[in-house]
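Chain by chain, the residues:
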Amino acid sequence: MRAPGFTLTAITALLLGCTGSGGSERGAAGQGSAERGGGERVLVVFNAGSLARPIRAALDTFAAHEGVRVEQESAGSLETARKLTELGKVPDLIALADAEVFPRYLVPAQVDGYVEFAQNRMVLAYTDRSRFAQEMAPDTWWRILLRPGVETGRSDPHLDPNGYRSMLVWQLAEQYYGEPGLATRLETASPLRNVRPKEADLIGLLQAGEFDYIWSYESIARAIGLRYVRLSPAIDLSSPDSATSYARAAITVRGARAGDSVTFRGAPIVYAFAVPRAAPHPALAARFGAFLLSAEGRAILRREWLDAVDVPVVRGMRAAWMPSASDTMSLVGRMP
Amino acid sequence: MDALSVGHDVTRRQDALRSSHSRVVPRLLSVLAALAGSLLLLFLAAPLVELVGTSGGEGLLRLGNDVELRSSLLLTALCATTATLLGVIGATPLAYLLARREFPGRAVLAAVLDLPLLIPHPVAGIALLLLLGRESAVGGAALAVGLRIVGTPLGIIAAMLFVSAPLFVSGAREAFAKVDPRYEGVARTLGDTPWRAFYRVTLPLAGRGLLASSVVMWARAVSEFGAIVILTYNPKVASVLSYDRFTSYGLSEALPVAAALALLALLPLTLLRALRTESRSER
């Protein structure tokens, strides 16, 4: 029987022709992924992996208050930014582990301004089974990492803020301890095979005993109940007062396009969020943003070990969704 | 016109009606089947056409000047081929056993062999990590003789083998089941040992099915991401590289990598399919 075969080909050709004309509008296709049911009943949040637990806790309480449904997507900060810029997937609120990612990737096309709402510090996390765990101390950690047979995991500096922050800590440690070549030796002690895409990927490997130590954030180590070494504030990127001395360290990673490169200078670790210009439910997103900054919201974030700041900082253009000027320190127009 | 001839006329018309009715329904079904088939074909082909159409040329260009892409594709092909060979060696006896022998626990064994297909891939990666990590018995022993699995191509091969071997087992089992056991019986009565009967009779008869199953296994191995990225992120296989390019540079850099992978994977797939068709027409 010849007819069905012919029909199949004909219909396929016809349909293929149809998609050919529509295929170019990739950017618009994913927009408004959260549009459902017309009303503002769904809140979609994209957040950095290290914010997954605190934001989840805040979302749960907020959802109960407002009677809305919430959806959360956690990924690396740079990957999250790419979801907006490349895939055209726009959430109601985006929260990242490095405030720097906003001006580099998202301002002004995707967001007008952003609010810095929490801080963190770099730590070296480990377990009871880690080699030489009993010898770990705030000022001798680097000697232990350099011992043969000790495996240290870190995340990819090209994909994850924690990855380049680890390397910045090594440079700061080299200066702080007066050990020339220490940064290079620490890099050699944590070879490429010990690298994973983002810091959350390292935890399983640490717990399985594949790594003895991993570079991570204090909030993560505490939330998961890992042991960790608290490094000197002079090198752990936690103290806003040390911003100038942190900036002496710099690391060059791949830029927004192949062949480009971007230099990240050492800076205090600051988390920030924003409501994208194309957010499907801006009013609901603004209420959630205000909730994150409220006393109740801060308490929830802190219960999940995230160090929420008392006075958030607004950067970039002040937008309608942002909390009032009296509650925030405004640095409008002073882009980093 | 008498009554009889009128009656004939009516019957003839009814017959004609019935026969046209009996032609319309199958035609309608044919059209519906063709439509359903076309929609699925479109669903499967359109993303690939779009991918290769927009980025295929760029992808081919990259093959020439992107060293990282070339070495990543080579690594992918080598690891997938190694995993497939290991899978064929290990899974063929299992598939034969499942197809030919009745034994207690056969259903359980078959289910266990299918299980890796159901496990989310990152979970498969974690399970393999627990088995092959340096703290485990297997991984520790391997490390003691200088074989590091996690973080090396061995980890890639392990992940590929785990997620793709079940496809070979089920395909090969079907292939063996299709071979009439009586042929083996005849070979045995003519004095062949069981091994010789298997080698001379069953294996050639099931050969095409086995080859097809190994192609499916290879293709599945090439496309794996979730389990590999847990075990071995560096060196990067093509799937990891395209994820990495997407995250650090965006779509414009990720698509050529994906297109190059799709085009390259097409080569061996087409080649092996052609090989099968040829051997079938020879028969």
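None of the values given here were measured: they were computed from a predicted structure.

J.: Would you take a moment to explain the overall build of chain A for this structure?
T.: Each helix and strand in chain A was counted, giving 13 helices and 14 strands. For chain A, the residues scored as buried account for 45% of the 336 residues in total. Put simply, 73% of the contacts in chain A that link residues at least 6 apart link residues at least 24 apart.

J.: Explanation requested: the overall build of chain B in the structure shown.
T.: In terms of helices and strands, chain B carries 11 helices and 0 strands. Order of helices (α) and strands (β) in chain B, N terminus to C terminus: α-α-α-α-α-α-α-α-α-α-α. Across the 283 residues in chain B, those meeting the buried criterion constitute 35%. Sequence separation of at least 24 residues holds for 76% of the intrachain contacts in chain B that already meet a minimum separation of 6.

J.: Is there a simple way to explain the sheet that holds strand 8 (residues 213-217) of chain A in this structure?
T.: Two pairing modes exist for strands in a sheet, parallel and antiparallel, and in both the strands are linked by backbone hydrogen bonds. Residues and elements named next belong to chain A. In spatial order, the strands read 7-6-8-5-9; together these 5 strands make up an open sheet with mixed pairing. Sheet topology places strand 7 (195-196) and strand 9 (227-230) at the edges, where each strand pairs with a single neighbour. Where strand 6 (residues 152-155) lies against strand 8, 2 bridges are found, and the strand directions are parallel. Paired with Thr152 across the two strands is Tyr213, which belongs to strand 8.

J.: Sorry if this is basic, but what is going on with the environment of Ala208(A) here?
T.: By secondary structure assignment, the location of Ala208(A) is in the loop between helix 9 (200-207) and strand 8. As for Ala208(A) and Asn162(A), which are separated by 46 residues in sequence, their C-alpha atoms are 21 Å apart. Filtering out sequence-adjacent residues up to four positions away, Ala208(A) remains in contact with Leu129(B), Leu130(B), Gly133(B) and Glu135(B).

J.: Help me understand helix 3 (residues 106-118) of chain B, please; the structure alone is not making it clear to me.
T.: Think of an α-helix as turning once every 3.6 residues; residues three or four places apart then point the same way. For helix 3 of chain B, built from 13 residues, the straight-helix expectation of 18 Å at 1.5 Å per residue is met to within 8% by its first-to-last C-alpha distance of 19 Å. Little of helix 3 of chain B is tucked away: 0 of the 13 residues are buried.

J.: What is the right way to look at the environment of Cys79(B) in this model?
T.: All names here are of chain B. Note that Cys79 resides in helix 2 (residues 67-100). Each C-alpha atom, one on Cys79 and one on Pro153, is 7.0 Å from the other, the two residues being 74 residues apart in sequence. When sequence neighbours within four positions are dropped, the list of residues in contact with Cys79 reads Pro153, Ile156, Ile157, Met160 and Val237.

J.: I would appreciate a short explanation of the environment of Ala260(B) in the present structure.
T.: Residues and elements named next belong to chain B. Following the sequence through the fold, Ala260 ends up in helix 11 (residues 251-282). Since 27 C-beta atoms lie within 10 Å of it, Ala260 is described here as buried. Sequence spacing of Ala260 and Val49 is 211 residues, and the spatial spacing of their C-alpha atoms is 13 Å. In contact with Ala260, other than residues within four places in its own chain, are Gly59, Leu60, Arg62, Leu63, Leu69 and Leu73.

J.: Where do I start with helix 3 (residues 52-66) of chain A in this structure?
T.: Residue and element names in this part refer to chain A. The end-to-end C-alpha distance of helix 3 is 20 Å, a good match for the 21 Å that 15 residues give at a rise of 1.5 Å each. Those residues of helix 3 not exposed but buried are Arg53, Pro54, Ile55, Ala58, Leu59 and Phe62. Lining the buried residues of helix 3 we find strand 1 (42-48), strand 2 (69-75), strand 3 (93-96), helix 10 (218-224), helix 12 (282-293) and helix 13 (295-303). Directly after helix 3, the chain includes Gly67, whose backbone phi takes a positive value near 65 degrees.

J.: Please explain unusual backbone geometry as it appears in this structure.
T.: Both trends apply: most residues other than glycine have a negative phi, and most peptide bonds are in trans. Between Val107(A) and the following residue, Pro108(A), the backbone shows a cis peptide bond with an omega angle of 5 degrees. Among the structural elements, Pro108(A) can be located in the loop between helix 5 (101-106) and strand 4 (113-119). Asn234(B) connects to Pro235(B) through a cis peptide bond whose omega is -10 degrees. Even without a glycine there, the phi angle at Leu237(A) is positive, about 60 degrees. We classify Leu237(A) as buried; it has 26 C-beta atoms within 10 Å. Of note, the phi angle at Trp305(A) is positive, near 75 degrees, even though the residue is not glycine. Note on placement: Trp305(A) falls in the loop between helix 13 and strand 13 (307-316).

J.: So what exactly am I meant to see when it comes to the nonpolar core here?
T.: Generally speaking, nonpolar side chains in soluble globular proteins are found buried as a group. Counting residues in hydrophobic clusters, the biggest one holds 146 residues, and the most contacted among them are Ala95(A), Ala125(A), Tyr271(A), Ala272(A), Phe273(A), Ala159(B) and Met160(B). Take this core: its biggest share by element is 15 residues, from helix 6 (residues 153-178) of chain B. When neighbours within four sequence positions are excluded, Ala125(A) is seen to be in contact with Leu206(A), Tyr213(A), Ile214(A), Ser216(A), Ala221(A), Leu226(A), Arg227(A) and Tyr228(A).

J.: I'm lost on the confidence of the model for chain A in this one. Help?
T.: Regions with low pLDDT carry predicted coordinates that are not meant to be interpreted in detail. On average, residues of chain A score 85 in pLDDT, and 83% of them reach the 70 mark or higher. For residues 332-336 of chain A, every residue scores under 50 in pLDDT, and the model assigns this stretch 9 contacts once sequence neighbours within four places are set aside.

J.: Teacher, can you tell me more about the packing of helix 7 (residues 161-177) of chain A against helix 8 (residues 182-189) of chain A here?
T.: Between two packed helices, both the angle of their axes relative to each other and the distance between the axes serve to describe the pair. Residue and element names in this part refer to chain A. Closest axis-to-axis distance for the helix 7/helix 8 pair is 8 Å, and the angle between their directions is 135 degrees. Regarding the angle of helix 7 to helix 8, the classification is oblique. When the axes of helix 7 and helix 8 are compared, the crossing they make is right-handed. Facing Trp170, Gln171, Ala173, Glu174 and Tyr177 of helix 7, the residues of helix 8 in contact are Leu182, Ala183, Leu186 and Glu187.

What counts, and where the lines are drawn
Residues numbered from 1 in each chain as written. Chains lettered and ligands numbered in written order. Predicted model: local features only at pLDDT ≥ 70, side-chain atom pairs only at ≥ 80, totals over all residues. Helix = DSSP H or I, 4+ residues; strand = E, 2+ residues; numbered from the N terminus. Buried ≥ 20, exposed ≤ 12 C-beta atoms within 10 Å, placed from the backbone. Contact = placed C-beta atoms within 7 Å. Pairing = 2+ DSSP bridges. Expected span 1.5 Å × (residues − 1). Core = buried A, V, L, I, M, F, W, Y, C linked by C-beta atoms within 7 Å. pLDDT = per-residue confidence, 0-100. Axes fitted to C-alpha atoms, helices over the stretch in contact; angles between N-to-C directions. Parallel < 35°, antiparallel > 145°, perpendicular 65-115°, else oblique. Left-handed = near helix turned anticlockwise from the far one by under 90°.

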